[in-house]
Amino acid sequence: MQFDFDLKQRKRILETVFEKIENYYSSTKDFKTNPDLNIKEIRESILTKELAIGINPVKAIQHVIKGLENFSVHTPHPKYFGLFNPRSNYAGIIADLITATYNPQLAAWSHAPFAVEVEELLIKEFANKFGYNRNADGVFTTGGAEANLTAILCALNHKYSKFARDGAFGLDKKPVIFCSAEAHHSIQKAAKVVGLGYNLVKSIPTTNDLKLDTEVLLQEIKNLDTSVYSPLMIIGTAGTTGTGTIDQLNQLNYICKKYNIWFHVDAAYGGGAILSQDLKHNLSGIEKSDSITFDAHKWMSVPMGTSIFLTSKDDILGKTFRITTEYMPKEADKLTVTEPFTHSIQWSRRFIGLKVYLSLLFYGWQGYEQTINHQAKIGRYLKSQLLKNGWVIKNNTNLPVVCFTKNEFETDSNFTKKILNNILANGKSWLSIYPIKGISTFRACITNYNTTEKEIDELIDELNKEATLYAKQ
Ligand SMILES: *Cc1c(COP(=O)(O)O)cnc(C)c1O
């Protein structure tokens, strides 16, 4: 079977891909932000009988690209004001292509020493940025969900020396995880996966500024029936998914230390602020945490599947994941290196870190700082233009996530629903709705490094027009 093709065919295939992705990359803004969701049409567009013996590769590529262009929300679009899904930067795109070609196996150090050492270096660099000391450890994960799951496992193995052997059945008390009602639901999911059950995740209500209410948290800890329960961890969110709010990390840390509780910070999105001198103060307290989740595939604009778990406890990943096997290569035993498969939920591992390494080599920390400052600035511009145009803002954060509505329609949830329907039907902008303390708001996040004042002006025009129409009916 000619899986490799010959040079001429490979060139033709790559040229087709190049031409197509170049067209998409250079004119993303000309696409409708989102497709019509006609499931019949979508399913019918997918090839089935062609699977038996295959088709011409160029035709196959054209087909796949047409499918993606017609039937996706275009998250790389400069008017996608969405859910932290960025436009992939060019370094990240190239890194994924290179990784697929060389396909280094990052389970064992000796199979891919360059790649593993690159990831180790990046872990140290990020640990340093977040203010951890030199003993900090970490691992690349596929996403924030895997990183949060890793955090819960580390907290359990830290507190219970026999957890690795006996699991939840060996626990004398039920471990409780505290987070805010605005925390990401991957925490509940992780509690299900671990076998604790989501009942042991206690969602603490938020104050008016949407931060975890530390008074209520303290009461909940004091009220725990300690004959049955034991506090395991407190998870602070640095940049909530809904409103971009950062919990009071210093206070959460104080409570954790007082009660000997693991302190995890879910900075999946907001962690990006650490790369900016202007914004990093918002994360004050994160340096005292036991662990951090940070998604590079959000604010660092690398393709999906790129997250980082960091911990200030240097031995905990090994304690949590180490397994000894006869068949894994052991050359590294004699060296002082990390075997990634003993540090990770994953076994065979993709070179996830290359997307970040190549991005830094292309743009530098400096380029990231500029980009992140630019996005924060556009967020401030969006806020000021909304206020000028009679909208009210319902969240309070220095990150570029803005939740807004009109005073006169706060109690009318049809207002946001109807307007959003019209905006999505036009396909010129994508944004979402998020309820804040019972009020339905529009949520717009500057998630694309190419978004400028012009796109904001266009969005505001669209919103104003729709709001006027709504008021008239
Ligand atoms: C996105 C997000 C997650 C989940 O991360 P994935 O990369 O989607 O798995 C977790 N926590 C927060 C705060 C997030 O914003």
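Predicted, not measured: the structure shown is a model, and the values here were computed from it.

Visitor: I'm lost on the packing of aromatic side chains in this one. Help?
Guide: Scanning the entire structure with this criterion turns up 18 aromatic pairs. For the pair Tyr-25 and Tyr-90, a centre-to-centre distance of 5.3 Å together with 45 degrees between the ring planes defines the contact as tilted. A residue pair is termed long-range when its members are at least 10 positions apart, and Tyr-25 in helix α1 (residues 7–26) and Tyr-90 in helix α4 (residues 90–102) qualify at 65 residues. Among the residues examined, Tyr-90 registers a relative accessible area of 28% and is labelled partly exposed.

Visitor: Honestly, the site of the ligand in this entry has me stumped. Any pointers?
Guide: Residues in close proximity to the ligand total 14 residues, the closest being Gly-144, Asp-266, Asp-295, His-297 and Lys-298. At a separation of 2.8 Å, an oxygen atom of the ligand approaches a polar backbone atom of Gly-144. One of the side-chain N or O atoms of Lys-298 is found 2.9 Å from an oxygen atom in the ligand. Listed by contribution, the elements that provide at least two residues to the shell around the ligand are α6 (144–159) and α11 (296–299). Among the elements that line the shell around the ligand, the one with the most residues is α6, at three residues. For the shell around the ligand, the class distribution of residues is three nonpolar, eight polar and three charged.

Visitor: What is the right way to look at the domain arrangement of the protein in this model?
Guide: For the protein, the assigned domains read domain 1 (7–30 + 35–72), domain 2 (105–350) and domain 3 (364–471). Taking the mean C-alpha position of each, domain 2 and domain 3 sit 31 Å from one another. Counting residues at the interface gives 30 residues for domain 2 and 21 residues for domain 3. Interface area for domain 2 against domain 3, summed over the two sides, is near 2,100 Å², with a carbon-plus-sulfur share of 60%. Of all residues in domain 2, Thr-243, Leu-275 and Trp-299 bury the most surface against domain 3, accounting for 25% of the area lost on that side. Counting across the interface, domain 2 meets domain 3 through zero salt bridges. Where domain 2 touches domain 3, the interface holds 13 residue pairs in polar contact (both at pLDDT 80 or more). Taken together, the residues of the side of domain 2 that touches domain 3 sort by class into ten nonpolar, 16 polar and four charged.

Visitor: How should the sheet that holds strand β3 (residues 201–204) be read in this particular structure?
Guide: Two strands in a sheet stick together by hydrogen bonds in their backbones, pointing the same way (parallel) or opposite ways (antiparallel). Read across the open sheet, the seven strands follow the order β1-β7-β6-β5-β4-β2-β3; overall the sheet is mixed. Edge positions in the sheet fall to β1 (137–141) and β3, since each of these pairs with one other strand and no more. The sheet shows a mean angle of 20 degrees between the axes of neighbouring strands, direction not considered. Relative to strand β5 (residues 262–266), strand β4 (residues 229–237) runs parallel, the two being bridged by five bridges. Residue pairing across strands places Thr-237 opposite Asp-266, the latter belonging to β5. α6 rests against β1, β2 (174–180), β4, β5, β6 (291–295) and β7 (307–311) of the sheet, and its axis sits at about 145 degrees to β4.

Visitor: Sorry, what's going on with the pattern of salt bridges here?
Guide: When charged atoms on two side chains of opposite charge get close, those side chains can pair. Evaluation of the coordinates by the stated rule reveals 14 salt bridges. Where Lys-394 meets Glu-410, a salt bridge forms, and the shortest distance between an N and an O atom there is 2.7 Å. Taken together, the residues Lys-394 in the loop between β8 (392–393) and β9 (401–405) and Glu-410 in the loop between β9 and α14 (413–426) connect sequence positions 16 residues apart. Take Lys-394: its relative accessible area is 28%, and that puts it in the partly exposed class. Residue class for Glu-410 comes out buried when judged on its relative accessible area of 17%.

Visitor: Explain the UniProt feature "modified residue: N6-(pyridoxal phosphate)lysine" (unreviewed entry) in the protein to me, please; I cannot follow it from the model alone.
Guide: The positions UniProt marks with the feature "modified residue: N6-(pyridoxal phosphate)lysine" (unreviewed entry) are Lys-298. Take Lys-298: it is sitting in helix α11. Lys-298 gets classed as buried once you look at its relative accessible area, which sits at 16%. Leaving out residues up to four positions away in the same chain, Lys-298 has contacts with Phe-84, Pro-86, Ala-268 and Tyr-269.

Rules of the game
- For every chain, the first residue of the written sequence is number 1, and numbering continues from 1 along that sequence.
- Where local features are concerned, this predicted model is filtered to residues with pLDDT of at least 70; where side-chain atom pairs are given and counted, the filter is 80 or more; whole-chain, interface and lining totals use all residues.
- Water and hydrogen atoms were dropped before computing side-chain values, which therefore reflect all heavy atoms in the structure.
- Centres within 6.5 Å make a pair out of two Phe, Tyr or Trp rings, where for Trp the six-membered ring is used; the pair is then stacked when the planes are under 30 degrees apart, edge-to-face when over 60, and tilted otherwise.
- Helix and strand assignments come from DSSP, with helices taken as H or I runs of at least 4 residues and strands as E runs of at least 2, each series counted from the N terminus.
- Relative accessibility under 20% of the residue-type maximum defines a buried residue, over 50% an exposed one, and the middle range a partly exposed one, all with a 1.4 Å probe and only protein chains included.
- For this purpose, a residue is taken to be near a molecule or strand whenever a single non-hydrogen atom of the residue falls within 4 Å of it.
- Here a polar contact is taken to be a pair of N or O atoms separated by no more than 3.5 Å, where protein atoms must pair a possible hydrogen donor with a possible acceptor and residues adjacent in sequence count only if both atoms sit in side chains.
- Residue polarity follows a fixed list, in which Ala, Val, Leu, Ile, Met, Phe, Trp, Tyr, Cys and Pro are nonpolar, Asp, Glu, Lys and Arg are charged, and the others, Gly among them, are polar.
- All domain edges in this entry derive from an automatic or database-based domain assignment.
- A contact between two residues is defined here by any heavy atoms of the two lying within 4.5 Å.
- As a working definition, buried area equals the accessible area (1.4 Å probe) given up by two parts on being put together, with both sides summed.
- Any Lys or Arg side-chain nitrogen located within 4 Å of an Asp or Glu carboxyl oxygen qualifies as a salt bridge.
- Here a strand pair is declared whenever DSSP counts at least two bridges between the two strands.
- Lines are fitted to the C-alpha atoms to define the axes, a helix being fitted only along its stretch in contact, and any angle between axes, read from their N-to-C directions, falls within 0 to 180 degrees.
- UniProt positions are given in the numbering used here, feature names are shortened, and annotations may be inferred rather than shown by experiment.

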